[in-house]
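Here is how the chains run, residue by residue.
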Amino acid sequence: MSVESRIVAALAPFGDPVEAALLYAAAQDLPPRYYTFSCSSYGDDFGDDEPGCERWLVSVHFFAPLDENVTAQVKKTKAALFEAGFTWPHSEDASDQDGRHFVFECEAVERVEEA
């Protein structure tokens, strides 16, 4: 299962849309609550000049209306990502006058199979 698939599978049970960040970047009618995410990767654990694993840096964003108390969902989101095999997420409240916005940053590692 890809890293992106694991993110979607971990967050889908909350019932809010989960999409790659680019899909919402140009959207006009955003849902009131939703998750977006982006991932980047690099080789790690080198031996004989070849990576032994691919390290993924993951950023998940959760958006909700400003008047919503999302404390429980923030906690559950961190736990869901961790249970899906990611490191325990660092989270930041990036909310502003337009709405609630939480950023979760975590990592995952996948073994690089020899070709």
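Report follows, based on the coordinates. (Residues numbered from 1 in each chain as written. Predicted model: local features only at pLDDT ≥ 70, side-chain atom pairs only at ≥ 80, totals over all residues. Heavy atoms only, no water.)

**Some words on the packing of aromatic side chains**
Cut-off, in case you're wondering: Within 6.5 Å between ring centres, the rings of Phe, Tyr and Trp (the latter by its six-membered ring) count as paired, and their orientation is classed by plane angle as stacked under 30 degrees, edge-to-face over 60, tilted in between. In this text, helices come from DSSP runs of H or I with a minimum length of four residues, and strands from runs of E with a minimum of two, each type numbered from the N-terminal end. Remark: exposure states derive from per-residue accessible area (1.4 Å probe, protein chains only) relative to the maximum for the residue type, with buried under 20%, exposed over 50%, and partly exposed in between.
One pass over the structure, following the stated rule, counts four aromatic pairs. Between Tyr-34 and Phe-63, the aromatic rings sit 4.8 Å apart at their centres with planes inclined by 20 degrees, giving stacked as the arrangement. With a gap of 29 residues between them, Tyr-34 in strand β2 (residues 34-47) and Phe-63 in strand β3 (residues 50-64) connect regions that are remote in the sequence. Under the relative-accessibility criterion, Tyr-34 is labelled buried at 8%. Overall, the relative accessible area of 21% leaves Phe-63 in the partly exposed class. Residues Phe-82 and Trp-88 carry aromatic rings whose centres are separated by 5.4 Å and whose planes lie at 70 degrees to one another, so their mutual orientation is edge-to-face.

**Regarding the environment of Asp-49**
With respect to the secondary-structure elements, Asp-49 resides in the loop between β2 and β3. The exposed category is assigned to Asp-49, whose relative accessible area is 76%. Along the sequence, Asp-49 and Pro-17 sit 32 residues apart, while their C-alpha atoms lie 41 Å from each other.

**Points about helix α1 (residues 3-11)**
Condition: By definition, the arc is the one covered by directions from the helix axis to the C-beta atoms.
When we look at burial in α1, the residues that qualify are Val-3, Arg-6, Ile-7, Ala-10 and Leu-11. What you see down the axis of α1 is that its buried residues fit within an arc of 115 degrees, all on one side.

**Notes on the side chain of His-101**
Put simply, the rule reads: Under the rule applied, a polar contact is a pair of N or O atoms within 3.5 Å (in protein, one hydrogen donor and one hydrogen acceptor; residues adjacent in sequence only if both atoms are side-chain atoms). Residue contacts are defined here by distance: any two heavy atoms, one from each residue, within 4.5 Å place the two residues in contact.
Relative to the assigned elements, His-101 resides in strand β5 (residues 100-111). At 2.8 Å, the side chain of His-101 forms a polar contact with the side chain of His-61. Residues contacting His-101, with those up to four places away along its chain left out, are His-61, Phe-62, Phe-63, Glu-92, Asp-93, Ala-94 and Ser-95.

**Details of helix α3 (residues 71-83)**
Cut-off, in case you're wondering: In this scheme, a helix's expected span is set at 1.5 Å multiplied by one less than its residue total.
Taking 1.5 Å of rise per residue, 13 residues should cover 18 Å, and α3 covers 19 Å from first to last C-alpha, within 8% of that figure. Listed in full, the buried residues belonging to α3 are Gln-73, Val-74, Thr-77, Lys-78, Ala-80 and Leu-81. With its buried residues spanning 165 degrees around the axis, α3 presents them on a single face. Opposite the buried face of α3, by more than 90 degrees, sit the exposed residues Lys-75, Lys-76 and Glu-83. Taken from the residues just after α3, Gly-85 is the one with a positive phi, measuring 100 degrees.

**Observations concerning the nonpolar core**
Short version of the rule: Within this scheme, the nonpolar core is defined by two criteria: the residues are buried Ala, Val, Leu, Ile, Met, Phe, Trp, Tyr or Cys, and they are joined through side-chain atoms within 4.5 Å.
Core analysis: the largest hydrophobic core is formed by 19 residues, its most contacted members being Ile-7, Leu-11, Val-58, Val-60, Leu-81, Phe-86 and Phe-104. Contributions of two or more residues to this core are made by α1, β2, β3, α3 and β5. Here the element with the most residues in this core is β3; it accounts for five residues. Apart from the residues within four sequence positions on either side, Ile-7 is in contact with Phe-37, Cys-39, Val-58, Val-60 and Phe-86.

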